[in-house]
Amino acid sequence: MEKTLIPIFFTIDDGYAPYLGVAIKSLIENASKDYRYRIHIIQEGLTDKYKGYLADMATDDCEIEFCEMKRELDIGSDFDGHKLRADYFTLTIYYRLFIPEMFPEYDKVIYIDSDVVVPGDISELYNEDLGDNILGAAPDSSIEHIEELHQYKENAIGIKRTEYINSGILLMNTKKMREVKMDEHFLALLNKYQFDTVAPDQDYLNAMCNGQILYLPIKYDTMPIDGTPDREDAVIIHYNLFSKPWLFDNVQYEDIFWKYAKKTKFYDDLVKIKETYTDEQRAHDMESMQAIVDRAVMIQSQDVTFKSVQEKEGVVRL
């Protein structure tokens, strides 16, 4: 009997290729042999060198395919409110929203950010029952101790603080997303309102999909959090925000990252990235976290927010 195919998507530019290499290595090593896997790398500006490194990671059970994101996003020229966490801006953060349209052959897929390791079996995530929900995702545990960001969820996004998901790991009901025309809805909102956001794609997904989300266990999106015990059941470890073991020392779960990094052709590049990252840059990262909090406070006072538009016009939710 032919094995079931599990489609998995990553979106990157060249700067994130080394981290993706670690993610893929760990994913392949720990994935159940009862399934076939097809990893789609939607990329922008990937060099031949890194493309070759990634392509060489394919196995008999896991194909690796590349797709260049060609669709132009008509989102105007003012990108000030569309900066990724850690001051890292790239249109790749929006690409995941177009996966259903770009790949109509799939009714259900997994999307994963590239700043992860996968020490568990990825097929467990795929086998979660989405029902009629648009998405499956875990609550964003990285900000659960920051009251200003809880207030942002409620006053700017317009959802309960316990219902705000992290968009770095998604189980996507792509069949349902096509039915509700998710891509068109997103672009209409983006073009008309250009909402100021703290986490661009993540805030849009929370605002649009609230009420149609399956909340997944934290084991599928385990993040380093100071003062918390290590999770033994973690399927995916997500080095979210500034907890990057390739930039900082003493990051929770750093040993797992470097375990798999050493097994890739990207290892020397990763070591060099860490060795050349300066204390000044690390200090700037810490300041950036406060800037995110300050921005969240500021956005709540604006006239146009997801919450205000939904309350007045009822056009945000799918």
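Please read these numbers as outputs of a predicted model, since none were measured by experiment. (Residues numbered from 1 in each chain as written. Predicted model: local features only at pLDDT ≥ 70, side-chain atom pairs only at ≥ 80, totals over all residues. Heavy atoms only, no water.)

**Points about the side chain of Thr 174**
Consideration 1: Checked against the element boundaries, Thr 174 lands in helix α7 (residues 174–179).
Consideration 2: Assessed through its relative accessible area of 1%, Thr 174 is described here as buried.
Consideration 3: One polar contact links the side chain of Thr 174 to the main-chain amide nitrogen of Lys 108, over a distance of 3.2 Å. (Helix = DSSP H or I, 4+ residues; strand = E, 2+ residues; numbered from the N terminus. Buried < 20%, exposed > 50% of the residue type's maximum accessible area, 1.4 Å probe, protein only. Polar contact = N/O pair within 3.5 Å; in protein donor to acceptor, adjacent residues only side chain to side chain.)

**Considering the pattern of salt bridges**
Consideration 1: One pass over the full model with this rule turns up 23 salt bridges.
Consideration 2: Residue Asp 107 is joined to Arg 178 by a salt bridge in which the shortest nitrogen-to-oxygen separation is 3.1 Å. Of this pair, Asp 107 sits in the loop between α4 (99–102) and β4 (109–112) while Arg 178 sits in helix α7; the two residues are 71 residues apart in sequence, bridging distant segments of the chain.
Consideration 3: When its relative accessible area of 42% is taken as the criterion, Asp 107 is described as partly exposed.
Consideration 4: Through salt bridges with shared partners, one network takes in Glu 2, Arg 36, Arg 38, Glu 63 and Glu 65. (Salt bridge = Lys/Arg side-chain N within 4 Å of Asp/Glu carboxyl O.)

**Here we look at the sheet that holds strand β2 (residues 35–44)**
Consideration 1: Strand order in this open sheet of seven strands is β3-β2-β1-β4-β7-β6-β8, and the pairing throughout is mixed. On the outer flanks of this sheet lie β3 (62–68) and β8 (213–215), each paired with one strand and no other. Strand-to-strand, the axes of this sheet are offset by a mean angle of 25°, without reference to chain direction.
Consideration 2: Direction of pairing for β4 relative to strand β7 (residues 169–172): antiparallel, over a ladder of four bridges. By the bridge assignment, Ile 110 is partnered in β7 with Leu 171.
Consideration 3: The strands touched by helix α2 (residues 48–55) are β1 (4–13), β2 and β3; relative to β3, the strand with the most contacts, the crossing angle is about 155°. (Pairing = 2+ DSSP bridges. Axes fitted to C-alpha atoms, helices over the stretch in contact; angles between N-to-C directions. Contact = heavy atoms within 4.5 Å.)

**What about the confidence of the model for the protein chain?**
Consideration 1: Averaged over all residues, the pLDDT of the protein chain is 91; the fraction at 70 or higher stands at 92%.
Consideration 2: Every residue in residues 72–90 is under pLDDT 50, and counting partners more than four places away or in other chains gives 45 contacts. (pLDDT = per-residue confidence, 0-100.)

**A closer look at the packing of helix α6 (residues 147–157) against helix α12 (residues 279–300)**
Consideration 1: Their axes nearest at 9 Å, the elements α6 and α12 cross at an angle of 30°. Classified by the angle between their axes, α6 and α12 sit roughly parallel to one another. As α6 runs across α12, the sense of the crossing is left-handed. Contacts from Glu 148, Leu 149, Gln 151, Tyr 152, Asn 155 and Ala 156 in α6 reach Met 289, Ile 292, Val 293, Ala 296, Val 297, Ile 299 and Gln 300 in α12.
Consideration 2: For the contact of α6 with α12, a count of residues per class yields nine nonpolar, three polar and one charged. (Parallel < 35°, antiparallel > 145°, perpendicular 65-115°, else oblique. Left-handed = near helix turned anticlockwise from the far one by under 90°. Nonpolar A, V, L, I, M, F, W, Y, C, P; charged D, E, K, R; others polar.)

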